[in-house]
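Examination of the molecular architecture
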Amino acid sequence: MGNGKFRGHAALWVANIVWGLNAPICKSVLQAADHPDGISPFALSAYRMIGAALLFWTASLLLPRERVSRRDLGLLLCASVFGIQFNQLLFLWGLSLTSPIDASIIATLVPILTMLFAALFLREPITGLKAGGVALGCFGAVLLVVLSHGGSSAVSSIRGNTLCIISATSYAVYLTAFRDVIVRYHPVTAMKWMFTFAAATAAVIYREPLAEVDYGVLSAPTLLGTAYVVACSTFLSYLCVPIGQRYLRPTVVSMYNYVQPVVAVLFSILIGLDRLGFAKSAAAACVFLGVWMVTQSKSRRQLETERQQSPGKR
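Report follows, based on the coordinates. Numbering of residues starts from 1 in every chain and runs along the sequence as written. Since the coordinates come from a predicted model, pLDDT governs what is reported: local features require at least 70, and pairs of side-chain atoms require 80 or more to be given and counted, while whole-chain, interface and lining totals use all residues. Water and hydrogen atoms play no part in the side-chain values, which are based on all heavy atoms of the structure.

**Digging into the overall build of the protein chain**
For clarity, the threshold we go by: Here a helix means four or more residues in a row that DSSP labels H or I, a strand means two or more in a row labelled E, and each is numbered from the N terminus. The reference for a compact globule is 2.2 Å times residues^0.38; the radius of gyration itself is calculated from the C-alpha atoms. Think of it in three bands: with a 1.4 Å probe and only protein chains considered, a residue is buried below 20% of the maximum accessible area for its type, exposed above 50%, and partly exposed in between. Note on contacts: a residue pair qualifies if any of its non-hydrogen atoms lie within 4.5 Å across the two residues. Surface accessibility in these figures is a Shrake-Rupley result with a 1.4 Å probe; residues are shielded only by whichever protein chains are displayed. Under this rule, positive means Lys or Arg and negative means Asp or Glu; His and the chain ends count for nothing. Where a charge lies is defined by one atom per residue type, namely NZ (Lys), CZ (Arg), CG (Asp) and CD (Glu).
Scanning the protein chain for helices and strands turns up 16 helices and zero strands. For 314 residues, the compact-globule formula gives about 20 Å, and the C-alpha radius of gyration of the protein chain, at 20 Å, lands near that figure. Over its C-alpha atoms, taken along the principal directions, the protein chain stretches across nearly 75 × 55 × 35 Å. The proportion of buried residues among the 314 residues of the protein chain is 50%. In the protein chain, of all internal contacts separated by at least 6 residues, the share reaching a separation of at least 24 is 90%. Of the roughly 15,100 Å² that the protein chain leaves accessible, carbon and sulfur atoms contribute 66%. Between the centroid of the 25 positive side chains of the protein chain and the centroid of its 13 negative side chains there is a distance of 14 Å.

Take a look at the structure:
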């Protein structure tokens, strides 16, 4: 594995380990609307967008200044809408309405959608190995989620599930349609502008939800959970994903979504809330085997090179 690919895989491991802990932490912060210690999904989305924008601008001060063309600023604005604004808001809104198990299962759609959109936008081939890897990883992730939440009493919601599906679709579009402009710039530069656009939108649209939060009664766990969501699952993860996008194909990047339920289960086992049996071990193995299969599948460039070389073979 080349140094670039190693960096890409390492960055995606970091991002998805952080995201693996994000759903239960977000759920603890997103209390019922009449709960004095709760934060609405709209306010939490605003915290993520505004907080991450400030962190990325601070980080950019430590790096050489990078100019972005007007055309690319327009593309980064569109990328912000699909990759941040629709993705984050609709996921948190949906999570506040439905059960964590439903939200986790719906998140497994991202690699499937990304594979289809990569074929549409980037003309990446859907090979048997790639499709098989995506299917195997999806099976393992769904099985792991179901086994880990088998006794969950949380209520499903058609409205919440629909919002989560739109969020997953939005993120898959972002990974494919805007890949070229994202990898053109340093990750901090690209994310700085994307979150600036998102923060400007949040400041205008979410003024009332922010004003409705009773900051005086927020508990320490709620404040710490909010800080984790902003600093780790937003700033750190969105800093790592563009590194993966630079060196790896969109479907490979999206396959790491299947690592998130594995991380959640391992964390539950470490703190004594779950057990690792044969079924969960097999499900986790399906996830990792599926990711490996997709990384081994051939890209459009590799297939074109093989076609060009094949006439000369004897």
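**Re helix 1 (residues 3-20)**
Defined as follows: Take the residue count of a helix, subtract one, and multiply by 1.5 Å to get its expected span.
Over its 18 residues, helix 1 extends 26 Å from the first C-alpha to the last, a length consistent with the 26 Å expected when each residue adds 1.5 Å. For helix 1, the complete set of buried residues consists of Gly4, Gly8, His9, Ala11, Leu12, Ala15, Asn16, Val18, Trp19 and Gly20.

**Concerning the nonpolar core**
For clarity, the threshold we go by: The definition of a nonpolar core used throughout is a set of buried Ala, Val, Leu, Ile, Met, Phe, Trp, Tyr and Cys residues joined through side-chain atoms within 4.5 Å.
Formed by 83 residues in total, the largest nonpolar core has its most connected members in Leu44 and Met191. In terms of residue count, helix 3 (residues 41-60) provides more of this core than any other element does, nine residues in total. Not counting residues up to four positions away in its chain, the partners in contact with methionine 191 are Phe56, Tyr174, Ile182, Tyr238 and Pro242.

**Focus on the packing of helix 4 (residues 70-97) against helix 10 (residues 187-205)**
As a reminder, the rule being used: For helices, the fitted axis covers only the stretch in contact; all axes are lines through C-alpha atoms, and the angles between them, taken along N-to-C directions, range from 0 to 180 degrees. By definition, turning the near helix anticlockwise from the far helix through less than a right angle yields a left-handed crossing, and turning it clockwise yields a right-handed one. Gly is put with the polar residues, along with every residue not named as nonpolar or charged; the nonpolar set is Ala, Val, Leu, Ile, Met, Phe, Trp, Tyr, Cys and Pro, and the charged set is Asp, Glu, Lys and Arg.
Direction vectors running N to C along helix 4 and helix 10 enclose 65°, while the axes themselves pass 8 Å from each other. For helix 4 against helix 10, the interelement crossing comes out right-handed. Only Ala190, Trp193, Met194, Phe195, Phe197, Ala198 and Thr201 of helix 10 make contact with helix 4, whose side of the interface consists of Leu73, Leu76, Leu77, Ala79, Ser80, Ile84, Gln85 and Gln88. Across the contact of helix 4 with helix 10, the residue classes break down as eleven nonpolar, four polar and no charged.

**Quick notes on empty space enclosed by the protein**
Rules: Cavities and pockets are defined on a 1 Å grid built over the protein atoms alone: a cavity is a set of grid points where a 1.4 Å probe fits but cannot escape, while a pocket is an open set with protein on both sides within 12 Å along at least five of seven lines, and lining residues are those with an atom within 4 Å of any such point. Grid points are joined across faces, edges and corners, and a volume is the space filled by probe spheres set on the points.
Evaluation of the coordinates by the stated rule reveals one cavity of 30 Å³ or more. When its volume is computed, the largest cavity comes out at roughly 30 Å³. Around the largest cavity, the lining residues are Leu12, Asn16, Trp19, Tyr171, Leu175, Val241, Val253, Ser254 and Asn257. Those elements giving two or more residues to the lining of the largest cavity turn out to be helix 1, helix 8 (158-177) and helix 13 (250-255). It is helix 1 that contributes the most residues to the lining of the largest cavity, three residues altogether. Looking at the lining of the largest cavity, its residues break down into six nonpolar, three polar and no charged.

**Remarks on the environment of methionine 49**
Secondary-structure assignment places methionine 49 in helix 3. Take methionine 49: its relative accessible area is 1%, and that puts it in the buried class. Taking the C-alpha atoms as reference, methionine 49 lies 22 Å from valine 110; in sequence the two are 61 residues apart. Excluding residues within four positions of it along the chain, methionine 49 makes contact with Ile84, Gln85, Gln88, Phe195, Ala198, Ala199, Ala202 and Tyr206.

**Concerning the environment of valine 252**
The residue valine 252 is located in helix 13 in this model. Exposure remark for valine 252: the relative accessible area of 4% places this residue in the buried category. Considering only alpha carbons, one finds valine 252 and methionine 115, 137 residues apart in sequence, at a separation of 8.9 Å. Residues in contact with valine 252, not counting those within four places in the same chain, are His9, Val294 and Thr295.

**Description of the packing of aromatic side chains**
Note the cut-off: Stacked, tilted and edge-to-face are the three classes assigned to paired rings of Phe, Tyr and Trp, where Trp is represented by its six-membered ring and a pair needs centres within 6.5 Å; plane angles under 30 degrees give stacked, over 60 edge-to-face, the rest tilted.
This structure, assessed with the given rule, holds 15 aromatic pairs. Aromatic pair tryptophan 19 and tyrosine 238: ring centres 5.9 Å apart, planes at 85°, arrangement edge-to-face. You can see tryptophan 19 sitting in helix 1 and its partner tyrosine 238 sitting in helix 12 (residues 220-247), a full 219 residues away along the chain. One exposure class covers both tryptophan 19 and tyrosine 238, and it is buried.

**A look at the layout of surface pockets**
One simple way to see leftover space: roll a probe sized like a water molecule over the atoms. Reported here for the largest pocket is a volume of approximately 950 Å³. If you go around the largest pocket, you meet 40 residues; those closest to its centre are Trp19, Gly20, Ala23, Ser104 and Gln260. Considering every element that reaches the lining of the largest pocket, the biggest residue donor is helix 14 (residues 259-270), with six residues. Broken down by class, the residue content of the lining of the largest pocket amounts to 25 nonpolar, twelve polar and three charged.

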